[in-house]
Amino acid sequence: MDKADILSLTSEELEREILAMGEKAFRAKQVYDWLHVKKVTEFAQMSNISAQMREKLSKKFYINSLKIKKRLVSNIDNTVKYLYGLRDGEAVETVLMEYKHGNSLCISTQVGCRMGCRFCASTIAGWVRNLEPSEMLLQIYETERDSGKHVDSVVLMGIGEPLDNFDNVVKFLKILNSEGNGMSLRHLSLSTCGVVDKIYELAELRTGVTLSVSLHAATDEKRGAIMPINKRFHLRELMTACDDYFKSTGRRISFEYSLIEGINDTDESAEELIALLRGKNCHVNLIPVNEVKEREFKKSRYVERFRQRLENAGINATVRRTLGADINAACGQLRREDKAEVK
């Protein structure tokens, strides 16, 4: 019999498993605390659990783990980029960033990505599989263990499209927000390229998660040229879903906009964005595009000019601070280099 991934079980699921083993319900709470509060890596470390029960657990379950394959530390701003190896030999990236308000961790939700955004490094090698809830949690646990720093906020903005791995991401959120583990989901942001049907489902859950929508263009023609998802869900559908998310949750939408030289950084593009967002309770996060050697896209020289045009029109906009520039902290690049080395 294949062993089950115990770290991917919610507290309710774990209790059902423990009861089925003939144990008392309070044992489930003890095991859950060992896994998600004390964050042990072996059943043998659960000192208030009997040897007999630990043996039963080890026969039925395994405690998932990640291995640090590479760790890059920025000499500029202390950003740390991890390449974590998974049990099946695949790898994902995680980035720890220091801000005045605390430490933020950008985690991956898939091995690779199938969304195909033309400027993104994560999609070049294609999609391999979804990450399990445990593999998302362990990016937090292992980073805290290695760095000695507490993670104050989490951003689902690494490799992969979170809403393309919806069920596992929702389980991850539930475990992360559970009693004992206890990170408020108001400290978590989820970035999506615009999987409209799943935005509605996420809104219904009322998790408190901040939704960040990768927009990058404000007309169907321009967005469709760089983001294949726009052929499936047009801008009107996406914006309606965003309005519903705000109405259902009260959480302001953040729109990500990567500025690409000559593609979406013109005055005309700024006016199109103003027309699309006028009157909405939102924030625009302008991002100088990360240049990837396999792509022809170049970083815009007109970021501040674009921002000022939005501000003058009453659209709240800021330019994302570039972190880890000396270690290529943009997601996808380290994994791609590692795969090339393996070949």
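Residues numbered from 1 in each chain as written. Predicted model: local features only at pLDDT ≥ 70, side-chain atom pairs only at ≥ 80, totals over all residues. Heavy atoms only, no water.

In this section: unusual backbone geometry. The phi dihedral of Arg 206 falls on the positive side, at around 50°, and the residue is not glycine. Here Arg 206 shows up in the loop between α6 (196-205) and β11 (210-214). The backbone of His 216 sits at a positive phi, close to 70°, despite the residue not being glycine. For His 216, the location among the structural elements is in the loop between β11 and α7 (220-226). (Helix = DSSP H or I, 4+ residues; strand = E, 2+ residues; numbered from the N terminus.)

This next bit is on the side chain of Thr 79. Along the chain, the position of Thr 79 falls in the loop between β3 (67-73) and β4 (80-85). With a relative accessible area of 0%, Thr 79 lands in the buried category. Here Asp 77 takes part through its side chain, which lies 2.7 Å from a polar atom of the side chain of Thr 79. (Buried < 20%, exposed > 50% of the residue type's maximum accessible area, 1.4 Å probe, protein only. Polar contact = N/O pair within 3.5 Å; in protein donor to acceptor, adjacent residues only side chain to side chain.)

With mixed pairing, 10 strands are arranged side by side in an open sheet as β3-β4-β5-β6-β9-β10-β11-β12-β13-β14. In the strand order of this sheet, the two ends are held by β3 and β14 (317-319), each with one partner. For this sheet, the mean inter-axis angle between neighbouring strands, taken without regard to orientation, is 20°. As paired strands, strand β10 (residues 188-192) and β11 are joined by four bridges and run parallel to one another. Bridged to Ser 189 within β11 is Thr 210. (Pairing = 2+ DSSP bridges. Axes fitted to C-alpha atoms, helices over the stretch in contact; angles between N-to-C directions.)

Looking now at the pairing of strand β12 (residues 253-259). Most of β12 is tucked away: seven of the seven residues are buried. Residues Ile 253, Phe 255, Tyr 257 and Leu 259 point to one face of β12 and Ser 254, Glu 256 and Ser 258 to the other, with burial holding for every one of them.

All told, the structure shown has zero disulfides when counted by the stated rule. Counting only cysteine sulfurs, Cys 117 is the nearest neighbor of Cys 120, a cysteine outside any disulfide, at a range of 6.2 Å. Judged by relative accessible area, Cys 120 falls into the partly exposed class, the value being 24%. Free of any disulfide, Cys 282 has its nearest neighbouring cysteine sulfur in Cys 242, separated by 9.2 Å. What makes Cys 282 buried here is its relative accessible area of 7%. (Disulfide = S-S within 2.5 Å.)

Another point: the packing of aromatic side chains. Counted by the stated rule, this structure contains two aromatic pairs. Each ring, one from Tyr 82 and one from Tyr 84, has its centre 5.2 Å from the other, and the planes form 5°; the classification is stacked. Over the aromatic face of Tyr 141 sits the side chain of Lys 39, whose NZ or CZ is 4.8 Å from the ring centroid. Cation over ring: Lys 198 sits above Phe 166, and NZ or CZ is 5.0 Å from the ring centre. (Phe/Tyr/Trp six-rings, centres within 6.5 Å; stacked < 30°, edge-to-face > 60°. Lys NZ or Arg CZ within 6 Å of the ring centre and 35° of its normal.)

On their own, these measurements won't tell you what the molecule is for.
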